[in-house]
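If you want the building blocks of each chain, they are given just below.
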Amino acid sequence: MTTTVDTGLLADLQKFGAADVTACFSCGNCTAICPLADNDATFPRRVIRYAQVGMKDDLLGSKELWTCYHCGLCSESCPTEADPGEFMATARRYAVASYDPTGLARILYTRPVLGTAIAVLVAAFFGTFMLTAGGLGNQDTTQLALFDFVPEGLIHWTGIGVMVLLALAGVIGIGRMMRQVARRDGESLATTVHGREAWGRTLRAAWDSIGVESLGQKRFRDDCHDDQPVEPLYRRRWVLHALSIWGFLGLFVATISDWGLALLHVKATGTPVPIWYPTRLLGTVAGLALMYGVTMFMVGRRRRWSASAATSTGSDWMLLALLWITGATGFLIEVALYLPPAPAWGYWVFLLHVSVAMELMLLLPFTKFAHVMYRPVALFFYSLAKQKRAASA
Ligand code: SF4
Ligand code: SF4
């Protein structure tokens, strides 16, 4: 395997964050203190070294980038104040932009004013498109009839179009990431994913990455002790992270289920139902979880509660803002739906909600939201590497 050296790598990386690792002299303190680094994923010193010597392909093929949860312990132990924790976050932003073939992620991360303008324009496009394609429909004030205002079929097909684009961008991005990982670790992984026991190892790795780590947050919860016991439970990062993820997934499942019930002619979408109706109850609980997690993250970033909140990019704020607006407008629609008489503002809040939700999904591969695509893949390879080492021990 040939290694290409990119002499501009470090300078390019620095456009994505505040870390300056030129002062790092590879003492290894950061790797020694990191609670998540082990023989199967040695970081952050190794990844910093890749950046210093211009080994771009090795950096982009490092599953280690995604096994870090930015607790900041390494930064506290660095004798040269090179801030390795922030470097890992910066390198993840750089990786998201490098896996994206459109160049949009790079703009969102490195040009905040242009990125914000794009975000506003995308939401305005969805709103205008739905209004003009559906026509300014009936605004009944006896009871909110949302789909008389924006036709249900239009939202449905626009949503499917967005999901297709999202899937396409996701597949391309993950494909590029996997090519880099295979290039760097392919030889060792090949013996892990082939052979008689390959299926068992692959399924176990999938469970470890999605069930145990992404949904269960095991290592984030058990090993990242940066904010414990200082922070009360309701402010701990893993709790906020988990509530945001579970809340978003819960809302997604509630929305899909509601469409499913409409298809089965059980209940038309948007029809008022009691609070204990399963899809409404799930949506309400998940919405509360999402709003709590996202609001606390915003407050934490504003007040710089932790190392991970010390530096924020425009893209970080954009993602939090889109999630918050989606959650808040969802609750406002719920209020408007049950108010007699139906308030006219309910229709416009509905249009804002749908436009921002579409934008959130469309921009997923280009913002920090892309972590939901890349982290499980990296954790999958991490689990395979761990299993291989255990088998050969
Ligand atoms: S502790 Fe600081 S100087 Fe030492 S390897 Fe890590 S980043 Fe470099
Ligand atoms: S920020 Fe925390 S998890 Fe990430 S490399 Fe540093 S010590 Fe490890």
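About the cut-offs
- Residues numbered from 1 in each chain as written.
- Chains lettered and ligands numbered in written order.
- Predicted model: local features only at pLDDT ≥ 70, side-chain atom pairs only at ≥ 80, totals over all residues.
- Heavy atoms only, no water.
- Helix = DSSP H or I, 4+ residues; strand = E, 2+ residues; numbered from the N terminus.
- Rg over C-alpha atoms; globule rule 2.2 N^0.38 Å.
- Buried < 20%, exposed > 50% of the residue type's maximum accessible area, 1.4 Å probe, protein only.
- Contact = heavy atoms within 4.5 Å.
- Areas by Shrake-Rupley, 256 points an atom, 1.4 Å probe, with all protein chains shown as cover.
- Domains from an automatic or database assignment.
- Buried area = accessible area lost by both parts, 1.4 Å probe.
- Salt bridge = Lys/Arg side-chain N within 4 Å of Asp/Glu carboxyl O.
- Polar contact = N/O pair within 3.5 Å; in protein donor to acceptor, adjacent residues only side chain to side chain.
- Nonpolar A, V, L, I, M, F, W, Y, C, P; charged D, E, K, R; others polar.
- Axes fitted to C-alpha atoms, helices over the stretch in contact; angles between N-to-C directions.
- Parallel < 35°, antiparallel > 145°, perpendicular 65-115°, else oblique.
- Left-handed = near helix turned anticlockwise from the far one by under 90°.
- Expected span 1.5 Å × (residues − 1).
- Near = heavy atom within 4 Å.
- Phe/Tyr/Trp six-rings, centres within 6.5 Å; stacked < 30°, edge-to-face > 60°.
- Core = buried A, V, L, I, M, F, W, Y, C linked by side-chain atoms within 4.5 Å.

Some details on the overall build of the protein chain
For step 1, the next point in the chain: Regarding its fold elements, the protein chain presents 17 helices and zero strands.
For step 2, the next point in the chain: In terms of overall size, the protein chain behaves like a compact globule, its C-alpha atoms giving a radius of gyration of 23 Å where 393 residues would be expected to give roughly 21 Å.
For step 3, the next point in the chain: Judged by the C-alpha coordinates and their principal axes, the protein chain covers about 70 × 50 × 45 Å.
For step 4, the next point in the chain: Looking at the protein chain as a whole, 49% of its 393 residues are labelled buried.
For step 5, the next point in the chain: Intrachain contacts of the protein chain at a sequence separation of at least 6 include 74% that bridge at least 24 residues.
For step 6, the next point in the chain: As displayed, the protein chain has an accessible area near 18500 Å², and 66% of this comes from carbon and sulfur atoms.

A look at the domain arrangement of the protein chain
For step 1, the next point in the chain: Per the domain assignment, the segments making up the protein chain are domain 1 (9-99) and domain 2 (104-392).
For step 2, the next point in the chain: Placing a centre on the C-alpha atoms of domain 1 and another on those of domain 2 gives a separation of 26 Å.
For step 3, the next point in the chain: At the interface, 35 residues of domain 1 touch 38 residues of domain 2.
For step 4, the next point in the chain: Contact with domain 2 buries surface across domain 1, with Trp 66, Tyr 69 and Tyr 99 losing the most and accounting together for 25% of the total.
For step 5, the next point in the chain: Taken together, domain 1 and domain 2 are joined by four salt bridges.
For step 6, the next point in the chain: For Asp 38, the salt bridge identified is with Lys 386, shortest N-O distance 3.1 Å.
For step 7, the next point in the chain: One can count 14 residue pairs in polar contact (both at pLDDT 80 or more) joining domain 1 with domain 2.
For step 8, the next point in the chain: Elements that contribute at least two residues to the side of domain 1 that touches domain 2 include exactly helix H3 (45-53), helix H4 (56-60) and helix H6 (84-99).
For step 9, the next point in the chain: The element contributing the most residues to the side of domain 1 that touches domain 2 is H6, with eight residues.
For step 10, the next point in the chain: Looking at the side of domain 1 that touches domain 2 residue by residue, the class counts come to 16 nonpolar, seven polar and 12 charged.

Things to note about the environment of Gly 170
For step 1, the next point in the chain: Tracing the chain through its elements places Gly 170 in helix H10 (residues 152-193).
For step 2, the next point in the chain: Each C-alpha atom of the pair Gly 170 and Phe 366 lies 9.5 Å from the other, and the pair is 196 residues apart in sequence.

Regarding unusual backbone geometry
For step 1, the next point in the chain: For the peptide bond that leads from Phe 43 to Pro 44, omega is 0°, which places it in the cis range.
For step 2, the next point in the chain: Inspection of the secondary structure assignment puts Pro 44 in the loop between helix H2 (29-33) and H3.
For step 3, the next point in the chain: The backbone of Asp 83 sits at a positive phi, close to 55°, despite the residue not being glycine.
For step 4, the next point in the chain: With respect to the helices and strands, the residue Asp 83 is situated in the loop between helix H5 (73-77) and H6.

Remarks on the packing of H3 against H6
For step 1, the next point in the chain: Where H3 contacts H6, the two axes come as close as 10 Å, and the packing angle between them is 65°. The orientation of H3 with respect to H6, classified from their angle, is roughly perpendicular. Handedness of the H3/H6 crossing: left-handed. Along the contact surface, H3 presents Val 47, Ile 48 and Ala 51, while H6 presents Pro 84, Phe 87 and Met 88.
For step 2, the next point in the chain: Of the residues that constitute the contact of H3 with H6, the class distribution is six nonpolar, no polar and no charged.

Examining helix H16 (residues 345-362)
For step 1, the next point in the chain: Taking 1.5 Å of rise per residue, 18 residues should cover 26 Å, and H16 covers 26 Å from first to last C-alpha, within 8% of that figure.
For step 2, the next point in the chain: In terms of burial, H16 is a largely internal element, 14 of the 18 residues being buried.

Quick notes on the site of ligand 1
For step 1, the next point in the chain: Residues in contact with ligand 1 amount to 13 residues; listed here are only the nearest, Cys 24, Cys 27, Gly 28, Cys 30 and Cys 78.
For step 2, the next point in the chain: At the level of elements, H2 and H3 are the ones that each hand at least two residues to the shell around ligand 1.

Some points on the packing of aromatic side chains
For step 1, the next point in the chain: Going through the model one piece at a time under the given rule, you end up with nine aromatic pairs.
For step 2, the next point in the chain: Taking 5.7 Å as the distance between ring centres and 45° as the angle between the ring planes, the aromatic pair formed by Trp 66 and Tyr 374 counts as tilted. Here Tyr 374 lies in helix H17 (residues 371-392) and Trp 66 lies in the loop between H4 and H5, a separation of 308 residues in the sequence. Both residues of the pair, Trp 66 and Tyr 374, belong to the buried class.
For step 3, the next point in the chain: Where Phe 125 meets Phe 129, the ring centres are 6.0 Å apart and the plane angle is 10°; that geometry is what we call stacked. A residue pair is termed a helical-turn pair when its members lie 3 or 4 positions apart in one helix, as Phe 125 and Phe 129 do in helix H8 (residues 112-134) at four residues.
For step 4, the next point in the chain: What makes Phe 129 partly exposed here is its relative accessible area of 32%.

So, the nonpolar core
For step 1, the next point in the chain: Counting 95 residues, the largest nonpolar core has Phe 43, Leu 59, Trp 66 and Phe 87 as the members making the most contacts within it.
For step 2, the next point in the chain: Two domains each put at least three residues into this core: domain 1 (9-99) and domain 2 (104-392).

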